[in-house]
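# Structural description and commentary
Take a look at the letters that make up each chain.
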Amino acid sequence: MSTDGAPALRPAGGAEDPGGQSSPGGHGLLARVAPLRRSLRTEAGSAGLLLAATVAALLWANSPVGDSYADFWHTELALRWGASELSLDLRHWVNDGLMVFFFFVVGLEIKRELVIGELTDRRRAAVPALAAVTGLAVPALVYVAFNLGDEGASGWGVVISTDTAFLLGVLALVGPSCPAPLRLFLLTLAIADDVGALVVIAVFYTDDLQPLALGLAVLGLALMVGLRYLRVWRGPAYLVLASAVWVAMHESGVHPTLAGVVIALLTPAYAARREEVADAARLVRAYQQSPNPGFARAARLSIDRSVSAGERLQQLWQPWTSFVIVPVFALANAGVPLTGETLRAAASSPVTLGVVAGLVLGKLVGILTGTGLAVRLGLGALAPGLTGLQVAGGAALSGIGFTISLFIVDLAFPGDERLADQARVGVLTASVLAALLGWALFRVADLRRPAGAVRPSALDPPVDPGRDHVRGPADAPLTLVEYGDFECPFCGRATGSVEELRERFGDRLRYVFRHLPLVDVHPHARLAAEAAEAAAAQGGFWEMHDRLFTVQDRLTPPDLLEHAAAIGLDVQRFARDLGAGRFARRVQEDVDSAEASGVEGTPTFFVGGRRHTGPHDADSLAAALLAGTGAGAAADPSGDGAGARVLPALGGRREAPARPPVGPPGAEAGPLPPDLPETPDRDGAFPRLGDAQVALLERYGTRRTWQPGQTLFREGDPGYEFQLVLSGSVAVVEHHGHPDQRVVSVHGARRFLGELDLFSDRPVFLTAVVLRPAEVVTVPDARIRQAFAADPALEELVLRAFLVRRSLLLALAADLRVVGRGTSGETARLRRFAEHHGLTAAVVDVETDDDARALLADLGVTDDDLPVVVWRSGRVLRRPTDAELAALVEDGRGPGAPVLPSPVPQEEP
């Protein structure tokens, strides 16, 4: 059953400022726990909560106070009105009451997928749907084979369903072994599985029917439908009727949780209507121009109406079911006393053995059988790139039937706690075994992957403004590339993220779109891609791009001609080009590039030439753009490679030719002077934090005092944590303790340490050494992400500083820096010298680089001295000859050249 996390909730209210205006976010309890909610609102997070609740229930039930577990959940709670009374124990209030909301969310998910989701294309859904049917039937048959003729035979429904929360949580941990098409296949299968499980509960686990009560329930549902047609949108009216329907169903003998499913299926679901969205935007503009309660209410209601009630309610209730209701359900039902007697009975019980065999083996065999039948009968096909072992791994994980299995245990054995406990032991055991089996199959699939078949992660070929479709300045510093499919609903949603990024970064971002039509699942996608290229031939690519994503349900050839006319193209030429397949090769080139770049589904984004993993909402992509700017290699316009301004990577310096030591063998560097001045904050590389930012980091970190000579992190460490200096002084040093050690920067009060490698899994290549007694706040990795979520401005400040620091380190990591005019022959000569001698070089062009003048001042040279070479030790040569450079390389120090007074320039007042 589906218990995965929901999309992010809207902010829980705003805070009033003294000026009488609302500011987003707030300062109350909800705002303070928002970072925790965001960290948990992941597939692994929701599964983790469910697992924690299960462990808590087992510990409680098997503790010295274990008797209190059963006593507590059997406590009676009654509702009385007049002479009527509804009395249930706490466990049944959870199972029959709270779980209504769980089934309501499941019903909303099913309704959405049937109307506007993956199940709208029946052929696309055929393979997972048939796999779900056999995945329901085979486990039930396996269970019955163990219990045929026994008293436990009624528990066959325990083994039929999959717990999607645990399934997705394990998939999130599997990582690269789980390709995106497999995840989509399993989600579709889970939805069809949900439908089957609900039918089984309704038909086979319903008590004696009471026609009068059932009729009242139907009447209540009819009244709810009537409210829709009367355009009553207020929640309280529906809540009253829904409560009445639940009570009537409870009294009718039909399990009351099915009321949630039926109400969900009657809830409207539809894609956002453009006219309603435009009307909402018009009312919002009216409110902006004239803020008043009338316009505020009209705008709010218009915005709500532009999104279907089903989607709004799913977003509202799914977090509550995933993070509250289902964990409470697990706490109430998973507490099995695991005594020696219970385990011995379970080990030989046909109920326990049937549950384990049905979920672990039955699910695997059933899903694989259904998948094979659907493909062989031509009902559908697996997504490209999926292997049999990967499907088998997903099928094995589908044997984690935790939530609904425990739910049906309560229905199948209502009066026999002995059999119920044996079934619960079987569910817990099967869930663990299914997870291990799925993990093992994914590992085998990895081992059987051919040598060298590691999935590429670099964009291939790189962006070419002369060929690619680029939105934004061609020379923008930030690059975002998307492989998309005009019929893919996920790509359609991603366009909103891209537009938000373009608004946020402006001319600093160039966005590139490449085609990846998934023809096996999106039959109109390839022609739509060719239509976009046909529009590009007339200068209308982006107009067609935008239009196709807004009308994804209208991509047939006649529709495409209408779109061409709507954006003002020459329709005759457009139709001729499209009919002749003139641009089919152009689209295929993008498809080939997607394969070469390791793309497995759409949308897939590349940031700075590297494939982005994880969410593709605007905030995640923005963080990746800011964090990844300095990570890729900048193209060398000269084409010779020696003069590249940035290196391919840092971590530390790439392999360089061996160089002689500066001092005698065995020599070590002396201690660093404690009075080294702070590094000046140039271009925002070393900012000081404000009081509020310091207080926030102190809340998430721990404070500690360090003494001179101690290191906060060292070169070669596997990683480090975010460090904020509160007092004292800390130096960041390259090759610490060696004769050629170099101070990179010095940090004082309210300055933070670190660089982009803070978010990398590479070994640390610098050392942080305390110069003067320092008080430092240390924030662990998981906590700093929560702090960033609580203060996005702090996150942007840190990421921007890290980017500037990366650019500085890239320059320092070069064996030599050439400061001169980029177009001069002398500069070109120095580049060739570096390339010939296998040296890394960074060129600072005084004509184009804003920092060049400040660097000249630091070096104490003028334009007449250009070009200037700065050797890695800090020595400076003015207009050097090749012979002087050769001597510099040979002894590592340079022939009597002047030395910079200090590797750390004085801070300006």
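An account of the accompanying structure is given in this report. (Residues numbered from 1 in each chain as written. Predicted model: local features only at pLDDT ≥ 70, side-chain atom pairs only at ≥ 80, totals over all residues. Heavy atoms only, no water.)

Another point: the pattern of salt bridges. Tallied over the full model, the rule gives 25 salt bridges. Salt-bridge contacts for D468 lead to R467; the nearest nitrogen and oxygen are separated by 3.3 Å. For R829, the salt bridge is made with D882, and the minimal N-O distance between the two is 2.6 Å. Placement of the pair is R829 in helix α29 (residues 825-836) and D882 in helix α31 (residues 882-891), with a sequence separation of 53 residues. In this structure D882 comes out as partly exposed when scored by relative accessible area, which is 38%. Linked through salt bridges whose partners overlap, the residues forming this network are R467, D468, R514, E533, R586, E589 and D590. (Salt bridge = Lys/Arg side-chain N within 4 Å of Asp/Glu carboxyl O. Helix = DSSP H or I, 4+ residues; strand = E, 2+ residues; numbered from the N terminus. Buried < 20%, exposed > 50% of the residue type's maximum accessible area, 1.4 Å probe, protein only.)

Turning next to the packing of helix α9 (residues 235-252) against helix α10 (residues 258-266). For the pair α9 and α10, interaxial distance at closest approach is 9 Å and the crossing angle is 135°. Classified by the angle their axes make, α9 and α10 are oblique. With respect to the hand of their crossing, α9 and α10 are arranged in right-handed fashion. Only L258, A259, V262 and I263 of α10 make contact with α9, whose side of the interface consists of A242, V245, W246 and M249. The residue inventory of the contact of α9 with α10, partitioned by class, reads eight nonpolar, no polar and no charged. (Axes fitted to C-alpha atoms, helices over the stretch in contact; angles between N-to-C directions. Parallel < 35°, antiparallel > 145°, perpendicular 65-115°, else oblique. Left-handed = near helix turned anticlockwise from the far one by under 90°. Contact = heavy atoms within 4.5 Å. Nonpolar A, V, L, I, M, F, W, Y, C, P; charged D, E, K, R; others polar.)

Our next topic: empty space enclosed by the protein. Counted by the stated rule, this structure contains one cavity of 30 Å³ or more. Put simply, the largest cavity is a space of about 30 Å³. In this structure, the largest cavity is lined by Y720, E721, F722, L758, V779, D781 and I784. Split by residue class, the lining of the largest cavity holds five nonpolar, no polar and two charged. (1 Å grid on protein atoms, 1.4 Å probe; cavity = no way out; pocket = protein on both sides within 12 Å on 5 of 7 lines; lining within 4 Å. Points joined across faces, edges and corners; volume = space filled by probe spheres on them.)

Okay, the nonpolar core next. Among the nonpolar cores identified, the biggest contains 96 residues, and F103, F185, I201, F402, F407, I408 and F413 are the most heavily contacted of them. Counting residues per element, this core draws most heavily on helix α7 (residues 180-204), at eleven residues. Setting aside residues up to four positions removed in sequence, I408 forms contacts with G157, V158, I160, I201 and Y205. (Core = buried A, V, L, I, M, F, W, Y, C linked by side-chain atoms within 4.5 Å.)

Once that is clear, we can look at helix α26 (residues 691-700). Every buried residue of α26 is accounted for by Q693, V694, L696, L697 and Y700. Viewed end-on, α26 has its buried residues packed into an arc of 160°, placing them on one side of the element. Exposed residues lying more than 90 degrees from the buried face of α26 are D691, A692 and R699. (Arc of directions from axis to C-beta.)

Here the focus is the side chain of D590. Here D590 lies in helix α24 (residues 584-596). Note on D590: relative accessible area 0%, which makes it buried. Engagement of the side chain of D590 in a polar contact is seen with the side chain of R467, the distance being 2.9 Å. Excluding anything up to four places from it in sequence, D590 contacts R467, Y483, R514 and H515. (Polar contact = N/O pair within 3.5 Å; in protein donor to acceptor, adjacent residues only side chain to side chain.)

Below, the discussion takes up the sheet that holds strand β9 (residues 610-611). The sheet built from five strands is open, its strands ordered β5-β7-β6-β8-β9 with mixed pairing. The open sheet has two edge strands, β5 (469-471) and β9, and neither has a second partner. Pairing of β5 with strand β7 (residues 509-515) involves three bridges; the strand directions are antiparallel. Looking across to β7, one finds that H469 is bridged to F513. The strands touched by helix α19 (residues 489-505) are β5, β6 (478-484), β7 and β8 (604-607); relative to β6, the strand with the most contacts, the crossing angle is about 170°. (Pairing = 2+ DSSP bridges.)

Further remarks concern a nonpolar patch on the surface. A contiguous nonpolar surface patch, about 360 Å² in accessible area, is contributed by V195, V199, V203 and F204. Among the structural elements, V203 can be located in helix α7. (Patch = residues over 30% accessible without salt bridge, like charges linked within 9 Å, V, L, I, M, F, W, Y side chains within 5 Å. Areas by Shrake-Rupley, 256 points an atom, 1.4 Å probe, with all protein chains shown as cover.)

All right, on to the pairing of strand β15 (residues 767-779) then. Of all 13 residues in β15, ten are buried; the element is thus mostly enclosed. Pairing analysis gives five bridges linking strand β10 (residues 702-706) to β15, with the strands arranged antiparallel. Considered in β15, the bridge of R704 is made with V776. Here ten bridges tie strand β12 (residues 722-734) to β15, and the two strands are oriented antiparallel to one another. Within the sheet, the bridge partner assigned to V732 lies in β15 and is A768.

Here we come to the packing of helix α8 (residues 211-229) against α10. Taken N-terminus to C-terminus, the directions of α8 and α10 make an angle of 25°; their axes are 11 Å apart at the nearest point. Taken together, the axis directions place α8 and α10 in an arrangement best described as roughly parallel. Read as a crossing pair, α8 and α10 show a hand that is right-handed. Taking contact as the criterion, the partners of L221, M224, V225 and R228 in α8 are, on α10, V262, I263 and L266. Classifying every residue of the contact of α8 with α10 by side-chain character gives six nonpolar, no polar and one charged.

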